[in-house]
Amino acid sequence: MAGVRSKGGLEGKAVLVTGGGTGIGRACAAQLAADGAAVTIVGRTASKLEDAAKRIEAVAAFGGSVRFATADVTSEDDVQRALAKTLEATGKLDGVVANAGGGGALMPLHLQDTKEFLRVLHLNVLSTFLCVKHAVPLMVAAGGGSFVGMSSIAGGQTHPYFGAYTAGKAGVEALMRNAADEFGQSGLRFNAVRPGFISTEIMEGVPRSSATYQSYIENTPMNDVGEPEQVGELVRFLIGPESSWVTGQIIHVDGGHGLRRGPNFGHFIAPVLGEAAMRGNLPGRK
């Protein structure tokens, strides 16, 4: 995989990466394996995991390896199975990258579907909580460990019309801070990462000619979008021993976007809903 640089330092470490079949999760897993970690990636689609495992295996070095298992990370049983799969590599758990997450339909809050709102909360917050719940005893038994929760600039900046996604990512950050406080005495570290616009499969849905894309660029001091590997390098640092005195932190990897405001996706939905609905009226009312 392009952009992966091997330097070692994670030999003998076993790490679980959720949502590891594509995008940021795959890039994180690749960087960890390239530096010697035994990585287990999980996701819901076997074909994507198989493809990702081949790519990761091609860059694994210093004894690093990759294995995969299908799992729904909002299922407690599936999370436990994923962690058991991770233990197969070395018999212990040294780290978790809780990357699985996602958003839902773009819609003003007064028009959000309640079931969809809850689904997005579960996908982001519940999944991270379940990983924390079942990883903590395993990392304590291993003598320490590092847990990285994948947030977003949406966790700390307004992102109009993103519904539960903003609340979900803020929830991930709150979980990481509280877990850092609760389990620091046991040698466990918890941090969150806030990516900005990263060039992944999902973000390819934002046309480069659109006003929304321009709002990203205009609000990013470095005047560009990031790559998954740039997030992967930060996550590798947080999993590794170089960050042994770093915990409870929320770290941006966004080209400076966090200094300004979030993107404007209103251009996508205003033509469908109408200006009155965008101001808080029900569709059809003026």
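Further up the page is the structure itself.
Summary of the structure given here. Starting afresh in each chain, residues are numbered from 1 along the sequence in its written order. Residue-level local features of this predicted model are given only where pLDDT is at least 70; pairs of side-chain atoms are given and counted only at 80 or more, and the full residue set underlies all totals for whole chains, interfaces and linings. Hydrogen atoms and water are omitted, and side-chain values are computed over all heavy atoms in the structure.

Focus: helix H3 (residues 76-90)
One turn of an α-helix holds 3.6 residues; hence residues three or four places apart share an orientation. What counts here: Throughout, exposure labels follow a simple rule: accessible area from a 1.4 Å probe, protein chains only, divided by the maximum for the residue type, with under 20% read as buried, over 50% as exposed, and the rest as partly exposed. Going along the chain from the N terminus, every DSSP run of H or I of four or more residues is numbered as a helix, and every run of E of two or more is numbered as a strand. It is the directions from the helix axis to the C-beta atoms whose arc is reported. Any two residues whose heavy atoms approach within 4.5 Å at even a single point are treated as in contact.
Taken together, the buried positions of H3 are Asp78, Val79, Ala82, Leu83 and Thr86. On an axial view of H3, the arc spanned by its buried residues comes to 135°, and they lie on one face. The exposed residues of H3 that point more than 90 degrees off its buried face are Asp77 and Glu88. Looking at the buried positions of H3, the neighbouring elements they touch are strand S1 (14-18), strand S2 (38-43), strand S4 (95-98) and helix H4 (114-141). Immediately downstream of H3, the backbone of glycine 91 shows phi near 85°, a positive value.

Thoughts on the pairing of S4
Convention followed: Any two strands with at least two DSSP bridges between them are considered paired. Seen with its strands pointing away from the viewer, a crossover is right-handed if its path from the first strand over the helix to the second goes clockwise.
Of the two faces of S4, the one carrying Gly95 and Val97 and the one carrying Val96 and Ala98 are both buried. Taken together, the three bridges between S1 and S4 define a ladder with parallel strand orientation. Its bridge partner lying in S4, valine 17 is registered against valine 97. Where S4 and strand S5 (residues 145-150) come together, four bridges link them in parallel fashion. Within the sheet, the bridge partner assigned to alanine 98 lies in S5 and is glycine 149. With respect to chirality, the unit in which S4 leads through H4 into the neighbouring parallel S5 is right-handed.

Considerations on H4
The condition is simple: Any helix carries an expected span of 1.5 Å times its number of residues minus one. What is called the bend at a residue is the angle between a pair of axes, fitted to the seven residues leading up to and ending at it and to the seven starting from it. For the purposes of these results, a polar contact is taken to be a pair of N or O atoms within 3.5 Å, where, inside protein, one atom must be able to donate a hydrogen and its partner to accept one; residues adjacent in sequence count only when each atom of the pair is a side-chain atom.
Taking 1.5 Å per residue as the helical rise, H4 with its 28 residues ought to reach 40 Å, and the 40 Å between its terminal C-alpha atoms agrees with that figure. Helix geometry: H4 is bent most strongly at histidine 122, by close to 40°. Residues of H4 that are buried: Val120, Leu123, Asn124, Ser127, Thr128, Leu130, Cys131, Val132, His134, Ala135, Val136 and Met139. Looking at the buried side of H4, the elements it contacts are S1, H3, S4, S5, helix H5 (164-183) and strand S6 (188-195). A side-chain oxygen of the first residue of H4 lies 3.2 Å from the backbone nitrogen of lysine 115; this N-cap is aspartate 113. Note on H4: the residue one or two positions beyond its end, glycine 143, has a positive phi of about 95°.

All quantities given are derived from atomic positions and should not be read as evidence of function.
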